[in-house]
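Here is what each chain is made of, one letter per residue.
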Amino acid sequence: MTATVLIVEPHLQGSFGHPWRYAIALTRRLERLGWSARILANAAYRGPSRIEGAEVIPTFARSYYERRDSSAARAATDRMFETSTFSPFASAVLEAIDIEAARSDALRVLVPTATVAMLAELLALPLFLAAPPRMALMFHEKPELYTSWYRPLDVGALRWRVQGSGWADRIGCFATNRRLAARLQDLLGVAVDGIGDVFDDDEIARLTGSSTTMYETPLPPQERALLDSLTAFRRDGGRLAWCPGRMRSDKGAALLPTIIGALADANPRYRLLLQRPDIGDGARPQIDAVSTHPGTLVHPDDLSDEAYGALLRLADVILLPYDPDAYGWRVSRVFLEAALAGKPVLAASGMSAEQEHSNGAALFLTDWRGWPDMAAALIARPRSGEEILAADAVRQWHRMTAWLTDTSEHTVRPRLPVLHVSSVKTASGPDSVREQRLRLLAARGFAVAELLVSQREFRRSAIREMVEQRGASSAALLGACPQPRWIRKLLRLLEPVSRIIGGPGAAPLPAVIETVRLRRGFSFVLLNEPDHARDIAAVLADVPQWIGARGPAQCDDRAIAADVEAAIARLTPTSDPSPRPTNQERLR
């Protein structure tokens, strides 16, 4: 049996950073479980063509650290993406799933650095797929960070999109800490497992000192000189405090004057090692002051893995003055690495690590003015084995791969989606009739594609703006028809002529809605206004239609529920063919 996991990693741009480490650890783990992997990376990926045997395919025009596609990618954007919420990201994943499904007996999808913005876009896939593959997502960041990322998003709508997708029992959600897991579980309405960060076994062995191959790669001259000088400093009785990584605003750059100022009265004497702060040109005087202070040593470049590991073994104490607003939700990998290496840690109070790893090996501070004395006390404190983070504690992520590769389940085929047709003028707030209908459909397990139609012509920019304003919609997918009604009528009249002369035809539906129709079809069509029947009757003549007869002013919650239940009740075995995989055979 050919079993493949498609790793979706738009943040992977080269052989560096968390995405690179995750790719190595995940592909090795999957191989042990008998699964191969294929990795979809950022289009700017510059690294080896294979990672641990897994092919790397540069794919995505943006990462989710960016708010927009690159200018080149925007220039090539298809009109389908400008008039719908179906993103180029989701389209690329759909295409990859189609390719892999054709050549694999079993297929899974894994998103190692997921965000709620990515989830919102991926939830459109079940409208196109008769049997969506099992998918695992690992979240790292506070959901609210992505409410205005790329497109406006009301995170409160995600619960309904998940529920209506028909994919909920095949989506596994995981988080790097328990606080984030609890927030996501409340937000999404599905179980979220707090599994910690991802560490490869070889990495664990190096950090715990149990590896027999400790960084044999020769160090560059600059890093070798740094380590030699620090080793000599410690040999003379000095103590080394290290802040790993570049100091940024979220990693405590604003606290640097306080931390450095505390060195003046430190006894015994300390040397504080920093990497060049990354806090912008406007803070140049502060950077210069840090660089020239006699108690600090600033390394100007990034460190190789070998130098990083050597410094972690050499340091007496690790300082993590991180912003608790950011790291209260985000896991600190450096904290875990230091804990695995058995190093004392001084960290900012409020970090997620304070809730999960609060023991004698770490102190969490609100005031950094006396940190040298606190570090001295922490270093002198007798250590017990319980205070060192056990290797098994950072292997909890194996639960994610075990769930993902479980083959005992039966394939669940979601219901055919519903097409909801409304006017661009229809109210779209959370209390609107339209939104209440969408939520009721989601609660009954229907994924909804919404079609916006207009009486008059709108510029593409206006259509795009309206689409982007639907971030609070419970519909998994939204498409807008840019033509006015008279043009759509003309296109329908010309359709027979186009077929006779062998032309491509002129479907009045937006491309994304037409794609859903061709790939799967619809259970039924719910029309917000009777006039909309003329817009779609010729195209969807074989799909049951139902008109929401009550006007918005006469609707209350009970009436809206009755409307939706009446539409569902009209389904017949032929109009809601859930046991049938797709309607593609009929279309052929």
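All figures in this text were calculated on a predicted structure; none of them were measured in a lab. (Residues numbered from 1 in each chain as written. Predicted model: local features only at pLDDT ≥ 70, side-chain atom pairs only at ≥ 80, totals over all residues. Heavy atoms only, no water.)

### Points about the pairing of strand E4 (residues 54-60)
Definition in use: Paired strands, as defined in this entry, are two strands with at least two bridges between them according to DSSP. By the criteria applied, helices consist of DSSP H or I runs no shorter than four residues and strands consist of E runs no shorter than two, each listed in order from the N terminus.
Of the strand pairs in this sheet, strand E2 (residues 36-42) and E4 are connected by 5 bridges, and their pairing is parallel. In the strand pairing of E4, Arg-38 is matched with Glu-55. Bridge count between strand E3 (residues 50-51) and E4: 2 bridges; the pairing is antiparallel. By the bridge assignment for E4, Ile-51 is matched with Ala-54. What sits between E3 and E4 in their antiparallel hairpin is a turn of 2 residues, with Glu-52 showing a positive phi close to 50°.

### What about the packing of helix H9 (residues 221-235) against helix H12 (residues 305-314)?
Defined as follows: Axes here refer to lines fitted to C-alpha atoms; in helices the fit is confined to the stretch in contact. Angles between the N-to-C directions go from 0 to 180 degrees. Any angle from 65 to 115 degrees is called roughly perpendicular, while one under 35 is roughly parallel, one over 145 is roughly antiparallel, and all others are oblique. In this analysis, two residues are considered to be in contact whenever any of their non-hydrogen atoms come within 4.5 Å of each other. Classes in brief: Ala, Val, Leu, Ile, Met, Phe, Trp, Tyr, Cys and Pro nonpolar; Asp, Glu, Lys and Arg charged; the others, Gly included, polar.
Contact geometry for H9 and H12: axes closest at 11 Å, N-to-C directions at 5°. Comparing their axes, H12 and H9 come out roughly parallel. Only Ala-307, Ala-310, Leu-311 and Leu-314 of H12 make contact with H9, whose side of the interface consists of Glu-223, Leu-226, Leu-227, Leu-230, Thr-231 and Arg-234. Here the contact of H9 with H12 is composed, by residue class, of 7 nonpolar, 1 polar and 2 charged.

### Points about the side chain of Lys-251
For Lys-251, the location among the structural elements is in the loop between strand E11 (239-246) and helix H10 (256-261). Not counting residues within four places of it along the chain, the set of residues in contact with Lys-251 comprises Arg-246, Pro-321, Tyr-322 and Tyr-327.

### Section: the sheet that holds strand E18 (residues 448-453)
Judged by pairing direction, the sheet is parallel, and its 5 strands sit side by side in the order E19-E18-E17-E20-E21 without closing on themselves. Whereas interior strands pair on both sides, the edge strands pair on one side only; in this sheet they are strand E19 (477-480) and strand E21 (545-547). Averaged over all pairs of adjacent strands, the angle between strand axes in this sheet comes to 20°, irrespective of strand direction. Here E18 pairs with E19 via 4 bridges, running parallel. Following the sheet pairing, Leu-451 is matched in E19 by Gly-479. In the packing of helix H18 (residues 433-443) onto the sheet, the strands contacted are strand E17 (418-423), E18 and strand E20 (525-527), and the crossing angle to E17 comes to about 175°. Contacts from helix H21 (residues 511-519) reach E17, E18 and E19 within the one sheet, and its direction differs from that of E19 by about 125°.

### Side note on the sheet that holds strand E16 (residues 362-365)
Read from one edge of the open sheet, 6 strands run E13-E12-E11-E14-E15-E16, paired in parallel fashion. Both edges of this open sheet fall to strand E13 (296-299) and E16, since each of them pairs with a single strand only. Pairs of neighbouring strands in the sheet enclose a mean axial angle of 20°, with direction left out of account. Sheet topology note: the E11/strand E14 (residues 317-320) ladder contains 2 bridges and is parallel. By the bridge assignment, Ala-241 is partnered in E14 with Val-317. Sitting on the sheet, helix H14 (residues 333-340) is in contact with E11, E14, strand E15 (345-348) and E16, with an inclination near 165° to E14.

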